[in-house]
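# Descriptive structure summary
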Amino acid sequence: MILDAENEPQKKRRPPIGARIKSRRKALGLTLQELADRSGLSKPFLSQVERDLTTPSLMSMLGLAKGLEVEVSYFMEIPQARDMVRRADAPQEIAVDSPVTYFDLASALPDRKLDIVLMRIPPGHVFPVDTRNGEHFRYVLEGELYARAGDIHTVLKAGDSMHFDARAPHTVENRTDQEAVLLYVGTPSVLQRGD
């Protein structure tokens, strides 16, 4: 779904992500601890998410989707265009409740294996520590980010990249007062949807 000012007033607003998570958890009869066990996320983090005090990263949403027995699309609206080409003047923004702006750069290739996402990360934003199967690649286009993957802690500046096994605990923080722009490529795809 392409977000633009012209269509925004006509769209029906979805409940905040925290309300959707809490509603689904209660519908399944799960406690916060049970959801934490199922999703691999901590109970305190989930409590903050449900109260909309923090927002999960796209990668954390994969664990939430598994724990809540829903597709990742339950949390967001994912572009469904079949176009192979993404034009600069028509970005495919992923609608998700987050201070980070996400753009899906990959096509809706059937059975796609990876995600290619451009992230605009505001000053001070900290992603929660995450782990999952697959590989992650980060490339900083603008700004500066503090990055961690396993025992590696580093600062990535424009032009720097990082490629690692996503089973290592990892996070990214914008510790500056400027927006950072990050290109993320990861496997397996968490945005790929069937029809």
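## Let's talk about the layout of surface pockets
Of the voids in this model, the second largest pocket is the one considered here, and its volume is about 310 Å³. Taken together, 16 residues make up the lining of the second largest pocket; nearest its centre are S39, G40, G63, D130 and T131. If you list the elements that add at least two residues to the lining of the second largest pocket, you get helix 2 (32-39) and helix 4 (58-68). Per-element tally for the lining of the second largest pocket: the top contributor is helix 4, with five residues. Residue composition of the lining of the second largest pocket, by class: six nonpolar, six polar and four charged.

## Thoughts on the pairing of strand 5 (residues 144-149)
Bridging between strand 5 and strand 6 (residues 152-157) involves six bridges; their strand directions are antiparallel. Residue pairing across strands places R148 opposite H153, the latter belonging to strand 6. With four bridges connecting them, strand 5 and strand 8 (residues 170-173) associate as antiparallel partners. Directly across from Y146, in strand 8, lies its bridge partner E173.

## Description of the pattern of salt bridges
Overall, the coordinates contain six salt bridges when judged by the stated rule. Note that E69 and R38 form a salt bridge whose closest N and O atoms lie 3.1 Å from each other. On the criterion of sequence distance, the pair formed by E69 in the loop between helix 4 and strand 1 (93-94) and R38 in helix 2 is long-range, its members being 31 residues apart. Judged by its relative accessible area of 48%, E69 falls in the partly exposed class.

## Comments concerning the sheet that holds strand 8
Read across the sheet, three strands follow the order 6-5-8 without closing on themselves; strand pairing throughout is antiparallel. The sheet terminates laterally at strand 6 and strand 8, the two strands that pair on one side only. Between one strand axis and the next, the sheet turns by 20 degrees as a mean value, whatever way the strands run.

## Quick look at the confidence of the model for the protein
The predicted model of the protein averages 84 in pLDDT, with 86% of residues at 70 or higher. Confidence drops under a pLDDT of 50 for residues 1-12, and excluding neighbours within four residues, the segment shows 17 contacts in the predicted structure.

## Comments concerning the nonpolar core
For soluble globular proteins, the rule of thumb is that nonpolar side chains tend to be buried together. Counting 39 residues, the largest nonpolar core has I21, F75, Y102 and M119 as the members making the most contacts within it. Going through the elements one at a time, helix 1 (17-27), helix 2, helix 3 (43-50), helix 4, strand 3 (115-121), strand 5, strand 7 (161-165) and strand 9 (180-187) are the ones with two or more residues in this core. Of the residues forming this core, the biggest block, six residues, is contributed by helix 4. For M119, the contacting residues outside a window of four places in its chain are V100, T101, Y102, F127, A180, V181, L182 and Y184.

## Considerations on empty space enclosed by the protein
Per the counting criterion, the structure on display carries one cavity of 30 Å³ or more. The calculated volume of the largest cavity comes to roughly 180 Å³. For the largest cavity, the lining is made up of 15 residues, of which M59, M119, F127, R138 and H170 are closest to its centre. Mapped by element, the contributors of at least two residues to the lining of the largest cavity are helix 4, strand 4 (135-142), strand 8 and strand 9. Considering each element in turn, the lining of the largest cavity owes the most residues, three residues, to strand 8. The residue makeup of the lining of the largest cavity, split by class, is nine nonpolar, four polar and two charged.

Calculation criteria
Residues numbered from 1 in each chain as written. Predicted model: local features only at pLDDT ≥ 70, side-chain atom pairs only at ≥ 80, totals over all residues. Heavy atoms only, no water. 1 Å grid on protein atoms, 1.4 Å probe; cavity = no way out; pocket = protein on both sides within 12 Å on 5 of 7 lines; lining within 4 Å. Points joined across faces, edges and corners; volume = space filled by probe spheres on them. Helix = DSSP H or I, 4+ residues; strand = E, 2+ residues; numbered from the N terminus. Nonpolar A, V, L, I, M, F, W, Y, C, P; charged D, E, K, R; others polar. Pairing = 2+ DSSP bridges. Salt bridge = Lys/Arg side-chain N within 4 Å of Asp/Glu carboxyl O. Buried < 20%, exposed > 50% of the residue type's maximum accessible area, 1.4 Å probe, protein only. Axes fitted to C-alpha atoms, helices over the stretch in contact; angles between N-to-C directions. pLDDT = per-residue confidence, 0-100. Contact = heavy atoms within 4.5 Å. Core = buried A, V, L, I, M, F, W, Y, C linked by side-chain atoms within 4.5 Å.

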